[in-house]
Amino acid sequence: TWRMWDMETGACILIQEGHADAVYGLAFQCDGALVATSDLAGIGRIWDLRSGKSVFVMKGHTKKVIGLDFNPNGVEVASGSEDNCIRIWDLRRKGIRKNIAAHLSMVSCVKYQPGNEGCFLLSTSFDNTVKIWGTSGYSQVTSLKGHEGRVTYCDISPKDSSIVSVSSDRTMKFWGGV
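Model, not experiment: these values are computed from the prediction.

Rules behind the numbers
Residues numbered from 1 in each chain as written. Predicted model: local features only at pLDDT ≥ 70, side-chain atom pairs only at ≥ 80, totals over all residues. Heavy atoms only, no water. Helix = DSSP H or I, 4+ residues; strand = E, 2+ residues; numbered from the N terminus. Buried < 20%, exposed > 50% of the residue type's maximum accessible area, 1.4 Å probe, protein only. Contact = heavy atoms within 4.5 Å. Areas by Shrake-Rupley, 256 points an atom, 1.4 Å probe, with all protein chains shown as cover. Lys, Arg positive; Asp, Glu negative; His and termini not counted. Charge placed at Lys NZ, Arg CZ, Asp CG, Glu CD. Core = buried A, V, L, I, M, F, W, Y, C linked by side-chain atoms within 4.5 Å. Salt bridge = Lys/Arg side-chain N within 4 Å of Asp/Glu carboxyl O.

Caption draft 1: Just the overall build of the protein chain, in detail. Looking only at helices and strands, the protein chain features zero helices and 17 strands. Each principal axis of the C-alpha distribution contributes one length, and for the protein chain these read about 45 × 35 × 30 Å. Here the protein chain holds 178 residues, and the buried ones make up 48% of them. Excluding contacts between residues fewer than 6 apart, the proportion of contacts in the protein chain whose partners are at least 24 apart in sequence is 34%. Within the structure as shown, the protein chain displays about 9000 Å² of accessible surface, and the carbon and sulfur contribution to it stands at 49%. When the 20 basic and 18 acidic side-chain charges of the protein chain are each reduced to a single mean position, those positions are 6 Å apart.

What follows is the structure, given as structure tokens:
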């Protein structure tokens, strides 16, 4: 299950069932109408928060889906998996737009550039790298190397597009803006 909580009261306002294995990833669409969830069985789901129903099942990864993020355009979702791939899902067509053989090891996080731009997608991996992908065709722009251990998460600043990544090597690295 996954749950939605009221921050002011602390009350649970929505409990959703629908995954066959532990729910691991979660992301909100920019307008808050949709939420994406993923599980350790390799399945993702898109939920309509107005109805509380699953409106799209994302099947295609062959292993655990670890990370999810909505493109700021609101119609694409990126998912990263233990199968070393990133999949870009088109919500209008309810299908895969692009499958990217992204890393040499598990993709631990996917994160779109925030704001109206959404020109870049970041991915982190247990292969110790952060990669930057251009969203027009989802081709690799560059690979950021410097961590000595698995890169577990990243984020990108909405202010200046600088990137931060964290790793099992117990370091946090700041990278220049994209």
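Caption draft 2: Here's a closer look at the nonpolar core. Within the largest apolar cluster, 12 residues are counted, these being A27, L34, A36, I46, F56, M58, V65, L68, F70, V77, W89 and L91. Listed by contribution, the elements that provide at least two residues to this core are β4 (34-39), β6 (53-59) and β7 (65-70). Ranked by residues supplied to this core, first place goes to β7 with three residues. In contact with L68, not counting residues within four places along its chain, are G25, L26, A27, A36, T37, S38, M58, V77, A78, S79 and V110. Counting 11 residues, the second largest nonpolar core, distinct from the first, contains I88, I100, Y112 and W133.

Caption draft 3: Main features of the pattern of salt bridges. For the coordinates displayed, the defined rule picks out three salt bridges. Linking E76 and R97 is a salt bridge whose minimum nitrogen-to-oxygen distance equals 2.5 Å. You can see E76 sitting in strand β8 (residues 76-81) and its partner R97 sitting in strand β10 (residues 95-101), a full 21 residues away along the chain. In this structure R97 comes out as partly exposed when scored by relative accessible area, which is 38%. Between D90 and R92 there is a salt bridge, and its shortest N-O distance comes to 3.6 Å. According to the relative accessible area criterion, D90 is buried, its value standing at 4%. In this structure R92 comes out as exposed when scored by relative accessible area, which is 61%.

Nothing here speaks to function; it is all geometry.
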